[in-house]
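# Fold and contact review
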Amino acid sequence: GIQVEQSPPDLILQEGANSTLRCNFSDSVNNLQWFHQNPWGQLINLFYIPSGTKQNGRLSATTVATERYSLLYISSSQTTDSGVYFCAGKTGANNLFFGTGTRLTVIP
Amino acid sequence: EAGVAQSPRYKIIEKRQSVAFWCNPISGHATLYWYQQILGQGPKLLIQFQNNGVVDDSQLPKDRFSAERLKGVDSTLKIQPAKLEDSAVYLCASSLDLRGGVYNEQFFGPGTRLTVL
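Here we summarise the structure given alongside this text. (Residues numbered from 1 in each chain as written. Chains lettered and ligands numbered in written order. Predicted model: local features only at pLDDT ≥ 70, side-chain atom pairs only at ≥ 80, totals over all residues. Heavy atoms only, no water.)

## Focus: the overall build of chain A
Each helix and strand counted, chain A has 0 helices and 11 strands in total. What you see in chain A, going N to C, is helices and strands ordered as β-β-β-β-β-β-β-β-β-β-β. On C-alpha atoms alone, chain A measures out to a radius of gyration of 13 Å, which is about the 13 Å that the 2.2 N^0.38 rule sets for 108 residues. For chain A, the spread of C-alpha atoms along the principal axes amounts to about 40 × 25 × 20 Å. (Helix = DSSP H or I, 4+ residues; strand = E, 2+ residues; numbered from the N terminus. Rg over C-alpha atoms; globule rule 2.2 N^0.38 Å.)

## Thoughts on the interface of chain B and chain A
On the chain A side, the residues contacting the 20 residues of chain B number 17 residues. The junction of chain B with chain A conceals about 1500 Å² of combined surface from both sides, 47% of it contributed by carbon and sulfur atoms. For the chain B face of the interface with chain A, the top three residues by lost area are Glu-105, Gln-106 and Phe-108 of chain B, together amounting to 28%. Between the two partners, chain B and chain A, sit 0 salt bridges. Between the two partners, chain B and chain A, sit 8 residue pairs in polar contact (both at pLDDT 80 or more). Listing elements by their share of the side of chain B that touches chain A, those giving two or more residues are strand E4 (31-37), strand E5 (44-50) and strand E10 (107-108) of chain B. Across the side of chain B that touches chain A, the residue classes break down as 8 nonpolar, 9 polar and 3 charged. (Contact = heavy atoms within 4.5 Å. Buried area = accessible area lost by both parts, 1.4 Å probe. Salt bridge = Lys/Arg side-chain N within 4 Å of Asp/Glu carboxyl O. Polar contact = N/O pair within 3.5 Å; in protein donor to acceptor, adjacent residues only side chain to side chain. Nonpolar A, V, L, I, M, F, W, Y, C, P; charged D, E, K, R; others polar.)

## A closer look at the sheet that holds strand E3 (residues 19-24) of chain B
Residues and elements named next belong to chain B. With antiparallel pairing, the 4 strands of this open sheet are ordered in space as E1-E3-E8-E7. Both edges of this open sheet fall to strand E1 (5-7) and strand E7 (65-68), since each of them pairs with a single strand only. Averaged over all pairs of adjacent strands, the angle between their axes in this sheet comes to 15 degrees, without regard to strand direction. Two strands pair when backbone bridges link them, and E3 and strand E8 (residues 75-79) are joined in this way by 5 bridges, in the antiparallel orientation. Within E8, the residue paired with Val-19 across the bridge is Ile-79. (Pairing = 2+ DSSP bridges. Axes fitted to C-alpha atoms, helices over the stretch in contact; angles between N-to-C directions.)

## Some thoughts on unusual backbone geometry
As a rule of thumb, non-glycine residues mostly have phi less than zero, and peptide bonds are mostly trans rather than cis. Residue and element names in this part refer to chain B. Geometrically, the link from Ser-7 to Pro-8 is a cis peptide bond, its omega value of -10 degrees lying close to zero. With respect to the helices and strands, the residue Pro-8 is situated in the loop between E1 and strand E2 (10-13). With an omega dihedral of -5 degrees, the bond running from Gln-80 to Pro-81 counts as a cis peptide bond. Relative to the elements of secondary structure, Pro-81 occurs in the loop between E8 and strand E9 (88-95). A positive phi is found at Arg-16, a non-glycine position, where the angle reads about 80 degrees. With respect to the helices and strands, Arg-16 occurs in the loop between E2 and E3.

Here you go:
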């Protein structure tokens, strides 16, 4: 399977700050998703983004498929953004491989 | 639209006991996945179904884990006998089907947190 590396592993932000999370893949992917795992463990879909740029409110994501990485931008962070952010990708018909996550803590 | 449903939400058992988890996918989703998430790690696929057939069970410890999706809708994952290292969150996910693109987007249920003592 593919290796998925996420950085940084931990991030502490003051409320209102912006941040960028990165995800690197060891191989080209044809399916890439970003998730937010809230403190109750629920994985919430943020983006399905195998290539290009998407925006949803304060969040946006960019995937550069040819260079095998994706970025998640969080602007004007809020305490409710706290949790673990995962990216996951798959190649061909293989299953979805997850990174180890970025743990975000937003302090008021 | 209802999301992926799972039960129970929490389960505590002694080692060597058996346990079963249930999942009902999003209506109309042909593909169903079971993942294991150990504390501090990302989810790892255990088994993948397309309708009632197994697509990938290469990571399923078949000596103790079994799963079925008899009618191609809901699914059950069983562990028998449980070991201490099975303590984890078991997540169920579903997607429309195996075609490429957005049809593959996976949606997750709330998970079952298993503690083996």
